[in-house]
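Report on the structure
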Amino acid sequence: MVQPLPMDPSCQTLHNNHPTQFISLLLKRAVAGGFAGTCSAIVGHPFDTVKVTMQIDNKLWRNYERQSGPLKHEIRGQRGLISPHRFKHLGITLKCAAQILRNEGVFAFYKGMLFPLLSSVPWTAATFAGYTVGEQLFESISALPPGQFSNKKFLIGGFAAGFFSSFIACPIDRVKCLLQAQTKSRFNSSVRYKGPFHCALQVYKHEGFFYGNYKGFGITLWRRIPNFGIYFIVYENTKEICRKRRHSSKSSGAEILLAGGMGGTTACIFSIAPDTIKTRVQTAQPGQYPRGMRSVIKEMIHRGEPATTLFRGLPPALIRTFPASAMYMFSYELVMKYLHNESHLPR
């Protein structure tokens, strides 16, 4: 029988009510999360640029349908796991990436990366602080011993992480999506936004601070709260399964990479539909979607767009998510190993 994991130092800190130690823990987690966010952004941002382009570029999809047949067959026609129509999403992913490379060059894949890169520290600090507070809240209500394995605890912690991080993630996503959505050709270098800070300034100038930065905030909550709940449940359970197979109380580096990748990939499948709606809302012209999500869905129905429209960008998102999430949790655990001795990595 596998021995239970020792009490997490963060749980001890909150349980013993030491504010100084708790603040110290949050600062250490911010440093570890900032490093992890940097690694994850560098690995995953090019795929994210392809995903955003696929979600908003209807012309790209129409051209592909004319060449390869309508994507509606995927819904109304063959539904088998190896249906040839299911490979169209992969084909258009490659076509989209090739179009970006041909028209804008290789550096276009990193459009809008500077802002998320610089904001990774507060974003990740809010994520892990929310997760820790959610865990402690559940343990206090349920009288669960600190550090004990519990899927409900992981779910509540993930919900809290998604809620708190949304306040920072929404403005970051707004700027990132606007930068990724604009196209600069090699023959036409004129663009509306010259960079992340210029974009943020223009958004504030024309739309105001709250509306401009928090456009799509409701959809961001709808996307991120369940996303992080699923993420942490899959992440922790994958590590637990791996530990039981080896009859060990510690996770190896390879297991951390696997668990991070599995958690991110599973959460991505469930969050891609609200992410598509969020991208449309955040990149739309002022007044285009006055009711947010409802206006987007109403427009889709009016245009006769199939349900699979909500899953645009899923292939590049999945390709991006596994290595980015794996690197994210591995680098986080690795840094925390040296900062607070709380990592599950072996010594």
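Quick summary incoming for the structure in this document. The shown structure was predicted, so the numbers you read here are calculated from the model rather than taken from an experiment. (Residues numbered from 1 in each chain as written. Predicted model: local features only at pLDDT ≥ 70, side-chain atom pairs only at ≥ 80, totals over all residues. Heavy atoms only, no water.)

**Concerning the overall build of the chain**
Just so we agree on the cut-off: Segments assigned H or I by DSSP are reported as helices when at least four residues long, segments assigned E as strands when at least two residues long, and all are numbered from the N terminus. Any two residues whose heavy atoms approach within 4.5 Å are treated as being in contact.
Counting its secondary structure elements, the chain contains 14 helices and zero strands. The order of helices and strands in the chain, counted from the N terminus, is α-α-α-α-α-α-α-α-α-α-α-α-α-α. Sequence separation of at least 24 residues holds for 78% of the intrachain contacts in the chain that already meet a minimum separation of 6.

**Details of the packing of helix α8 (residues 151-181) against helix α11 (residues 217-246)**
Short version of the rule: For helices, the axis comes from a line fit to the C-alpha atoms of the stretch in contact; other axes are also lines fit to C-alpha atoms, and the angle between any two N-to-C directions lies between 0 and 180 degrees. Left-handed describes a crossing whose near helix is turned anticlockwise from the far helix through less than a right angle; right-handed describes the clockwise counterpart. Polar here means any residue other than Ala, Val, Leu, Ile, Met, Phe, Trp, Tyr, Cys and Pro, which are nonpolar, and Asp, Glu, Lys and Arg, which are charged; Gly is therefore polar.
As a packed pair, α8 and α11 sit with axes 7 Å apart at the nearest point and diverge in direction by 140°. Considering only the axes of α8 and α11, their crossing is right-handed. In terms of residue class, the contact of α8 with α11 is built from 15 nonpolar, eight polar and two charged.

**Examining the environment of V281**
Among the secondary structure elements, V281 is positioned in helix α12 (residues 253-283). Along the backbone, V281 and K215 are 66 residues apart, and their C-alpha atoms lie at a distance of 7.3 Å. Leaving out residues up to four positions away in the same chain, V281 has contacts with K215, G216, I219, Y289, G292 and V296.

**Examining a nonpolar patch on the surface**
Test applied: The patch calculation keeps residues exceeding 30% relative accessible area without a salt bridge and links them within 9 Å when they carry like charges or within 5 Å when they are nonpolar (Val, Leu, Ile, Met, Phe, Trp, Tyr). Accessible surface is estimated by sampling points in the Shrake-Rupley manner with a 1.4 Å probe; for residues, cover comes only from the protein chains shown. We define a salt bridge as a side-chain nitrogen of Lys or Arg found within 4 Å of a carboxyl oxygen belonging to Asp or Glu. The cut-offs for exposure are 20% and 50% of the maximum accessible area for each residue type, with area from a 1.4 Å probe on protein chains only; residues under the lower value are buried, those over the upper are exposed, and the others partly exposed.
On the surface, V133, F163, F164 and F167 cluster together into a nonpolar patch covering about 330 Å² of accessible area. With three residues, α8 is the largest single contributor of residues to the nonpolar patch. Structurally, F163 can be placed in helix α8. Since its relative accessible area comes to 35%, F163 is described here as partly exposed.

**Here we look at the nonpolar core**
Cut-off, in case you're wondering: The criterion is simple. A nonpolar core is a set of buried Ala, Val, Leu, Ile, Met, Phe, Trp, Tyr and Cys residues joined through side-chain atoms within 4.5 Å.
If you look at the biggest cluster of nonpolar residues, it comprises 18 residues, and the most contacted ones within it are Y231, F232, Y328, M329 and Y332. Elements supplying a minimum of two residues to this core: α2 (19-56), α7 (120-142), α8, α11, α12 and α14 (314-339). With residues near it in sequence (within four places) discarded, M329 still touches F128, Y231, Y235, I256 and G260. If you look at the next biggest cluster of nonpolar residues, it comprises eight residues, including L178, L179, Y193 and C199.

**Focus: the environment of L114**
Inspection of the secondary structure puts L114 in helix α6 (residues 114-118). Along the chain, L114 and K176 lie 62 residues apart, while their C-alpha atoms are 8.8 Å from each other. Non-local contacts of L114, meaning those with residues more than four positions away in its chain, are made with P196 and F197.

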